Each structure stands twice: as structure tokens, then as C-alpha cells.
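Each chain, written out:
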Amino acid sequence: MLTKINHIGIAVNSLDSSIPFYRDQLGMTFEGTEIVEEQKVKVAFFLVGESRIELLEATAEDSPVAKFLAKNGEGIHHMAYEVDDISATLARLKADGVRLIDETPRKGAHNSLIAFLHPKVTGGVLTEICQCGH
Ligand code: CMX
């Protein structure tokens, strides 16, 4: 069961260039950066009420975010919804025939467990579900 929007992911060319706008101009609470090796990204999190904004910078040429930036430029990359039990949610979606990118959870930022649904079945929005560690 989805419990809230955990975060919105925004692909950027450079965290160093983008962080000051979100932190200083928009005044969001900056929570720091983290490299997520498995996803080949470096991320910066900002708290906004109960949700977060995640800025994503690619750490390798074959990162999904590098491919996204090359095709689209900077912009909204994914929506992430929080779930209580990611394995049960994935099993239910799989049983319903939903096209999954990840059939088993992967490691995300903040010790979370994450999995993606393909944008072709979500109205063009790359969709993440996460069981969060924060
Ligand atoms: N949002 C919406 N659509 C997207 C998309 C995105 N972020 N990324 C790709 N697409 C679309 C493409 O535009 C393309 O559409 P068309 O066929 O109409 O042209 C289609 O999906 C297939 O895209 P592709 O470039 O041919 O395929 P890729 O090899 O790039 O794979 C995807 C796309 C979504 C399967 C891949 O990026 C993926 O597995 N993503 C999940 C992992 C990820 O994004 N990790 C980074 C964030 C990690 C984190 O937050 O910690």
C-alpha cells in the first residue's frame, strides 16, 4: 500500500551548480549528498514538509541519469512513493501483470529499498516505490 509521496527526483547536470538554488533561493532544508553506487548516481536530498526533493547527478557515462540528460536535458526524472512492504507490493504488482524494471528490491539512498516500474505503463512517468530507511 502506498502511504505518501516520498520524493520527486530531478536530474541535473551538476549538483554543485544546482544545490544553492534549492537550498538558498527556495529555502529548502538541505540534508546532504550521497553516492548510490548501484544506481550510478550522486544524490542531494532536500526536505519539504513530509516529502523530499532528490537532485540526481550521473556518476558514470552509462548511468540511467546520464542517458536521461542526454535525451531530455535537466528535468523531472521520477516520482517515488513510499510503501510499508516493498516485497509484498512488488509481488502484487507482478501478479497483476504490471511491467516492472526491478522484480526484487535494490539498495537506494538512506538505506532504503527501492524498485522501479517502467514508464511505459505509468503514463510516461518513471515510478519508484521505496521502503524507506529515514
Ligand atoms: N521518465 C520517463 N520516461 C523515461 C525515462 C524517465 N526517467 N527514462 C526513459 N524513459 C523513456 C524513454 O524516453 C523511452 O521512451 P520512447 O521509447 O518513447 O523513446 C523509453 O522510456 C525507453 O527508454 P530508453 O532510453 O530506450 O531505455 P533506457 O535504456 O534508458 O531505460 C529505463 C529506461 C527507465 C528502463 C532505465 O532508465 C531504468 O531502468 N531506470 C531505473 C533506474 C534509475 O533510473 N536509476 C536512477 C535513479 C536512482 C535513484 O533515485 O536512486
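In this text, all values refer to a predicted model and were calculated from it rather than measured experimentally. (Residues numbered from 1 in each chain as written. Predicted model: local features only at pLDDT ≥ 70, side-chain atom pairs only at ≥ 80, totals over all residues. Heavy atoms only, no water.)

Novice: Outline the packing of aromatic side chains, supporting the account with residue identities and numerical values.
Specialist: For the structure on display, the rule yields 3 aromatic pairs. Considering the side-chain rings of Phe 21 and Tyr 22, the 5.4 Å spacing of their centres and the 90° angle between planes classify their relative orientation as edge-to-face. The exposure class assigned to Phe 21 is partly exposed, which follows from its relative accessible area of 40%. Aromatic pair Tyr 22 and Phe 46: ring centres 5.7 Å apart, planes at 40°, arrangement tilted. Here Phe 46 lies in strand β3 (residues 41-48) and Tyr 22 lies in helix α1 (residues 15-25), a separation of 24 residues in the sequence. (Phe/Tyr/Trp six-rings, centres within 6.5 Å; stacked < 30°, edge-to-face > 60°. Buried < 20%, exposed > 50% of the residue type's maximum accessible area, 1.4 Å probe, protein only. Helix = DSSP H or I, 4+ residues; strand = E, 2+ residues; numbered from the N terminus.)

Novice: Describe the environment of Pro 20, with residues and values.
Specialist: Within the element layout of this structure, Pro 20 appears in helix α1. Pro 20 sits in the partly exposed class, given a relative accessible area of 28%. Placed 10 residues apart in sequence, Pro 20 and Phe 30 show a C-alpha to C-alpha distance of 9.5 Å. Discounting residues that sit within four places of it in the chain, Pro 20 has contacts with Leu 15 and Gln 25. (Contact = heavy atoms within 4.5 Å.)

Novice: Pulling in residues and values, what's your account of a positive patch on the surface?
Specialist: Positive charge collects at one region of the surface, where Lys 67, Lys 71, Arg 99 and Lys 120 lie side by side. Inspection of the secondary structure assignment puts Arg 99 in the loop between α3 (86-95) and β6 (106-107). (Patch = residues over 30% accessible without salt bridge, like charges linked within 9 Å, V, L, I, M, F, W, Y side chains within 5 Å. Areas by Shrake-Rupley, 256 points an atom, 1.4 Å probe, with all protein chains shown as cover. Salt bridge = Lys/Arg side-chain N within 4 Å of Asp/Glu carboxyl O. Lys, Arg positive; Asp, Glu negative; His and termini not counted. Charge placed at Lys NZ, Arg CZ, Asp CG, Glu CD.)

Novice: Please set out the pairing of strand β7 (residues 113-117) residue by residue, giving values where relevant.
Specialist: Summarising burial for β7: 4 of the 5 residues are buried, a large majority. Relative to β7, β6 is paired through 2 bridges, and the arrangement is antiparallel. In the strand pairing of β7, Lys 107 is matched with Leu 113. Linking two consecutive strands that pair antiparallel, namely β6 and β7, is a turn of 5 residues; a positive phi of about 55° is found at His 110 within it. Examined bridge by bridge, β7 and strand β8 (residues 127-131) share 5 bridges and lie antiparallel to one another. Each bridged residue has a counterpart across the sheet, and for Leu 117 the counterpart in β8 is Thr 127. (Pairing = 2+ DSSP bridges.)

Novice: Break down α1 for me, with residues and values.
Specialist: Residues Leu 15, Ser 18, Ile 19 and Tyr 22 constitute the buried set of α1. One side of α1 holds all its buried residues, which, seen down the axis, span an arc of 110°. When the buried face of α1 is taken as reference, the exposed residues oriented beyond 90 degrees from it are Asp 16, Ser 17 and Gln 25. Elements in contact with the buried residues of α1: β1 (2-11), β2 (29-36), β3 and β4 (51-58). Structurally, the start of α1 carries an N-cap: the backbone nitrogen of Asp 16 is 3.3 Å from a side-chain oxygen of Ser 14. (Arc of directions from axis to C-beta. Polar contact = N/O pair within 3.5 Å; in protein donor to acceptor, adjacent residues only side chain to side chain.)

Novice: Any details on the state of the cysteines? Residues and values, ideally.
Specialist: A covalent bond bridging the sulfur atoms of two cysteines is what the word disulfide describes. Inspection of the entire model under this criterion finds 0 disulfides. A disulfide-free cysteine, Cys 130 has its sulfur positioned 3.0 Å from the sulfur of Cys 132, the nearest such atom. (Disulfide = S-S within 2.5 Å.)

Novice: How would you summarise the pairing of β3 if you had to cite specific residues and measurements?
Specialist: Direction of pairing for β2 relative to β3: antiparallel, over a ladder of 7 bridges. By the bridge assignment for β3, Gly 32 is matched with Phe 45. Remark: 4 residues form the turn of the hairpin made by β2 and β3, two consecutive strands paired antiparallel; Lys 40 in that turn has positive phi of roughly 55°. Across 8 bridges, the pairing between β3 and β4 is antiparallel. Within the sheet, the bridge partner assigned to Leu 47 lies in β4 and is Arg 52. With antiparallel pairing between neighbouring strands as the criterion, β3 and β4 make up a hairpin whose turn holds 2 residues, including Gly 49 at a positive phi of roughly 60°.

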